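Tertiary structure, described
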Amino acid sequence: SDDDDSTPSDDDDSTLSDDDDATPGDDDDSTPSDDDDSTPTPTACTGPTVLLSETEPNDDVNSLVDVIATANGGVVLEGTASSCSNDGSGWTGDRDWIQLEFDCVDTATVTLSWTDSGTDMDLVVGRADTGSIIDQQYTASTTPPEVSSSAFPGSDIALGILCWEGPNNADWTIEIEF
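Below, the discussion takes up the environment of T49. Tracing the chain through its elements places T49 in strand 1 (residues 47-53). According to the relative accessible area criterion, T49 is exposed, its value standing at 57%. As a C-alpha pair, T49 and E175 span 126 residues in sequence and 9.6 Å in three-dimensional space. Beyond its immediate stretch of four places on either side in the chain, T49 contacts G74, V75 and V76.

Its boundaries defined by the atoms lining it, the largest pocket holds a volume of some 190 Å³. In terms of lining residues, the largest pocket is bounded by 13 residues, among which V61, W97, R127, G131 and A158 are the most central. Considering each element in turn, the lining of the largest pocket owes the most residues, four residues, to strand 6 (residues 120-127). A breakdown of the residues in the lining of the largest pocket according to their chemical character gives eight nonpolar, four polar and one charged.

The strands making up a sheet are joined through hydrogen bonds of the backbone, oriented either antiparallel or parallel. Ordered in space as 2-4-9-6-7, the five strands form an open sheet in which the pairing is mixed. At either margin of the open sheet sits one strand with a lone partner, and together these are strand 2 (67-69) and strand 7 (133-137). Geometrically, the sheet is characterised by an average inter-axis angle of 20° between neighbouring strands, direction not taken into account. The pairing of strand 4 (residues 95-101) with strand 9 (residues 157-165) spans six bridges and is antiparallel. Bridge pairing links I98 to L159 in strand 9.

This next bit is on the state of the cysteines. This structure, assessed with the given rule, holds two disulfides. Each disulfide pairs two cysteine sulfurs, and for C45 the partner residue is C104, the sulfurs being separated by 2.0 Å. Looking down the S-S bond of the C45 and C104 bridge, the torsion is 100°, so its handedness is right-handed. Of this pair, C45 sits in the segment before strand 1 while C104 sits in the loop between strand 4 and strand 5 (108-114), and the two are 59 residues apart along the sequence. Residue C104 is classed as buried on the basis of its relative accessible area, which comes to 2%. One disulfide bridge connects C84 with C163, the sulfur atoms lying 1.8 Å from each other. Torsion about the S-S bond of the C84 and C163 cystine: about 90°, corresponding to right-handed handedness. Of this pair, C84 sits in the loop between strand 3 (73-81) and strand 4 while C163 sits in strand 9, and the two are 79 residues apart along the sequence. No difference in accessibility class separates C84 from C163, as the two residues are buried.

Conventions and cut-offs
Residues numbered from 1 in each chain as written. Predicted model: local features only at pLDDT ≥ 70, side-chain atom pairs only at ≥ 80, totals over all residues. Heavy atoms only, no water. Helix = DSSP H or I, 4+ residues; strand = E, 2+ residues; numbered from the N terminus. Buried < 20%, exposed > 50% of the residue type's maximum accessible area, 1.4 Å probe, protein only. Contact = heavy atoms within 4.5 Å. 1 Å grid on protein atoms, 1.4 Å probe; cavity = no way out; pocket = protein on both sides within 12 Å on 5 of 7 lines; lining within 4 Å. Points joined across faces, edges and corners; volume = space filled by probe spheres on them. Nonpolar A, V, L, I, M, F, W, Y, C, P; charged D, E, K, R; others polar. Pairing = 2+ DSSP bridges. Axes fitted to C-alpha atoms, helices over the stretch in contact; angles between N-to-C directions. Disulfide = S-S within 2.5 Å.

This is how it looks when you write it as structure tokens:
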């Protein structure tokens, strides 16, 4: 039951219930109740609010290149839809896909807003790890409303800002509050 050599990361005895090395984060046995490596439990999202900006190109949902770390708190994310258009059944203009990294778990309100009159933007909120959609808001209105979605991060969030119609270079803002 002792680790009798100078290599701290090996368990060189046959007693599985002891963690006799100095490597944190390794569980050298199959007994879950002894928790000799304790995986940290995610905390609530109480960090400071940060101001972020999107970067282009970020039009491909299958290849998220705009991956942004947060401070595990609120986010104000600003961007621009370079073009707004559709073919009657789908978006053909700028589609901004962004992944926000969170190491916290909490319920969030994700709000999309814009100021350009005559613009119609839509919001998709999903889990970056599974690709599953948490919420999607498609508004058939060019009056600039705010579109809110409740999201439960627990993992990184993928956001889609999709411009259906309106002037080119339409500015948008995403606000995430916990």
